[in-house]
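Next come the chains, spelled out residue by residue.
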Amino acid sequence: MFTNCSLGHCHIIIAVVLWSICVDSRKIRGISLSYKRFYRERKSFLCIDGSKMIPFDQVNDDYCDCVDGSDEPGTAACPNGRFYCTNLGYRSHYIPSSRVNDGICDCCDASDEYRSQTPCQNTCRNLGQRERAEVEGQMRVLGEGLRLKQQLIEEGVLTWREKQAQLRDLQRVSDDLQTQLDDLRKEEARRKEEADALRERVIGARETADNSPTSHYRTESPISVFKELDSNRDGSITVDEVQAKVSPVQDEEHALSEDEAVALLGGAHRVDLSRFEETLWTSLRTGDSVTIKGRHGVPGSLADEDPNIKAAVSAAEKAAADLKRVEDAYETVYMEIRDLREKLSLDYGSEREFLFLHNQCFQLKVHEKWGSWAGSPEKQYYQMRYESGEPCWQGPTRNTMVMLICGTETALRSVKEPSKCQYVMELQTPVSCQPALRQRGIHSEL
């Protein structure tokens, strides 16, 4: 090899070869580019935590000298050390130093197994291509999801404004109905008082005019009295019905005998209306001997037949019916206003459209009650908690946590039960897509 070189030139070539071998053998493994400055070739090495100064030839000598393990980035000597996988073409990352030369390929560039017998292949390029393809797919989904979200936001805001207008209209209707209610309540009370006062005046006037216990029979029709005595409504009055409802004028507690009842019916045991007018009705109108039980004074039925009282009662009933109709309408409007306010009085915050879309665009059919938004402060509206469901047998009440992820359609992706009666659902929906996700990419030291 060196036959044609002079002695001096051969010495130089040998020195260069030996130097290159020495430099390659002193290559510091397991450190990132940002830490290269701590491992420049010099006489001594300062532990990165500043705790100790050691000769530089003790770096990566498979003996742990520094407390922080910084002198052995490329060996498994330090229990707290870590090895940097450069992974050109893929994502760089650290692994515990204990995994260096352990016969298992942890770094995709195989740099962690430089002294082992394991034949590790460099798979970083393939992994990088695969991940980039996945991220590109995610970016396409994100772009479509953001487009759909914007469409839903526009539709949601339009619906929100429509419901605001609807709420204002309902509030005006409610105010009008409230005014009507106040007027109708006063009208209904006035009509009722008028009817009651008129009835009392009529009854009082009749009682004053004639206190006879049977005087009202002179103005009452025989048909109404016949119907009152005809208990079974068979069109005739029997002896039994007379004994049950007719008594002597002087002693209502005294029951008529069968003979007395037959005598009042003209010697018959059953009479129709025409025969009743000729017999018992005559005795009742005369008022000398018998009367219908409980007929002392002027009966209310007579007063109710007064046309003026009938008109007053009818007016009071109409006022009550009008009041009931308006009360029902007011109750319906009140319920509609309450429901609208519940939907429109949410704390929209910085993601008002998200909350609105959640309530308008989809409803999860879970048996628990809505609890709260349960996400972190920066992603508050990405987790929903449903609580206080039906109790499990010999277990707690059912609770559900719903995780929202970005997608081009609203669909339930998975349901899990990590613990008894505690469920976790994954729901994809365009409304959870965020523009900030576009900034996330793949970092590799190429």
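Residues numbered from 1 in each chain as written. Predicted model: local features only at pLDDT ≥ 70, side-chain atom pairs only at ≥ 80, totals over all residues. Heavy atoms only, no water.

Bringing the overall build of the protein chain into the picture now. The secondary structure content of the protein chain amounts to ten helices and 13 strands. Within the protein chain, buried positions represent 34% of all 446 residues. Contacts in the protein chain between residues at least 24 apart in sequence constitute 49% of all its contacts with a sequence separation of at least 6. In the structure as shown, the protein chain presents an accessible area of about 27,100 Å², 51% of it carried by carbon and sulfur atoms. (Helix = DSSP H or I, 4+ residues; strand = E, 2+ residues; numbered from the N terminus. Buried < 20%, exposed > 50% of the residue type's maximum accessible area, 1.4 Å probe, protein only. Contact = heavy atoms within 4.5 Å. Areas by Shrake-Rupley, 256 points an atom, 1.4 Å probe, with all protein chains shown as cover.)

We now examine the pattern of salt bridges. Inspection of every chain in the model, using the stated rule, returns 17 salt bridges. The salt bridge partner of glutamate 194 is arginine 190, with a shortest N-O separation of 2.6 Å. Remark: arginine 190 and glutamate 194 occur in helix α2 (residues 124-209); sequence separation between them is four residues, near one turn of the helix. Residue arginine 270 pairs with aspartate 234 through a salt bridge whose shortest N-O separation is 3.1 Å. Separated by 36 residues along the polypeptide, arginine 270 in strand β7 (residues 270-271) and aspartate 234 in the loop between α3 (222-229) and β5 (237-238) bring together distant segments of the chain. Assessed through its relative accessible area of 38%, aspartate 234 is described here as partly exposed. (Salt bridge = Lys/Arg side-chain N within 4 Å of Asp/Glu carboxyl O.)

Turning our attention to the UniProt feature "coiled-coil region" (unreviewed entry) in the protein chain. The UniProt entry lists residues 167-201 and 309-343 under the feature "coiled-coil region" (unreviewed entry), expressed in the numbering used here. Helix makes up 100% of residues 167-201 and strand 0%, whereas the separation of the span's terminal C-alpha atoms amounts to 50 Å. Taken end to end, residues 309-343 is 100% helix and 0% strand, and its first and last C-alpha atoms sit 51 Å apart. (UniProt positions renumbered as here; feature names shortened; annotations may be inferred.)

This next bit is on the nonpolar core. In this structure, Leu229, Val242, Val246, Phe276, Leu280 and Leu284 are the most contacted members of the largest nonpolar core, which totals 19 residues. Within the residue set of this core, elements represented by two or more residues are α3, α4 (239-245), α5 (258-264), α7 (280-286) and β8 (290-292). One finds Leu170, Leu323, Val333 and Leu340 within the second-largest nonpolar core, a separate group that totals twelve residues. (Core = buried A, V, L, I, M, F, W, Y, C linked by side-chain atoms within 4.5 Å.)

The subject of this paragraph is the state of the cysteines. Scanning the model with the defined rule gives seven disulfides in all. At a sulfur-sulfur separation of 1.7 Å, the disulfide partner of cysteine 85 is cysteine 107. Taking the torsion about the S-S bond as the criterion, the cysteine 85 to cysteine 107 disulfide, at about -45°, is left-handed. In this pair, cysteine 85 is assigned in strand β3 (residues 82-85) and cysteine 107 in the loop between β4 (93-96) and α2, connecting sequence segments 22 residues apart. Overall, cysteine 107 belongs to the buried group, its relative accessible area being 3%. (Disulfide = S-S within 2.5 Å.)

The subject of this paragraph is the sheet that holds strand β11 (residues 399-406). Sheet architecture is open: five strands sit in the order β9-β10-β11-β13-β12, paired in mixed fashion. Each edge of the open sheet is held by one strand with a lone partner, namely β9 (369-373) and β12 (411-419). Ignoring strand direction, the axes of neighbouring strands in this sheet form an average angle of 25°. One ladder, built from four bridges, connects β9 with strand β10 (residues 383-387); its direction is antiparallel. Opposite lysine 369, over in β10, you have glutamate 387 as the bridge partner. (Pairing = 2+ DSSP bridges. Axes fitted to C-alpha atoms, helices over the stretch in contact; angles between N-to-C directions.)

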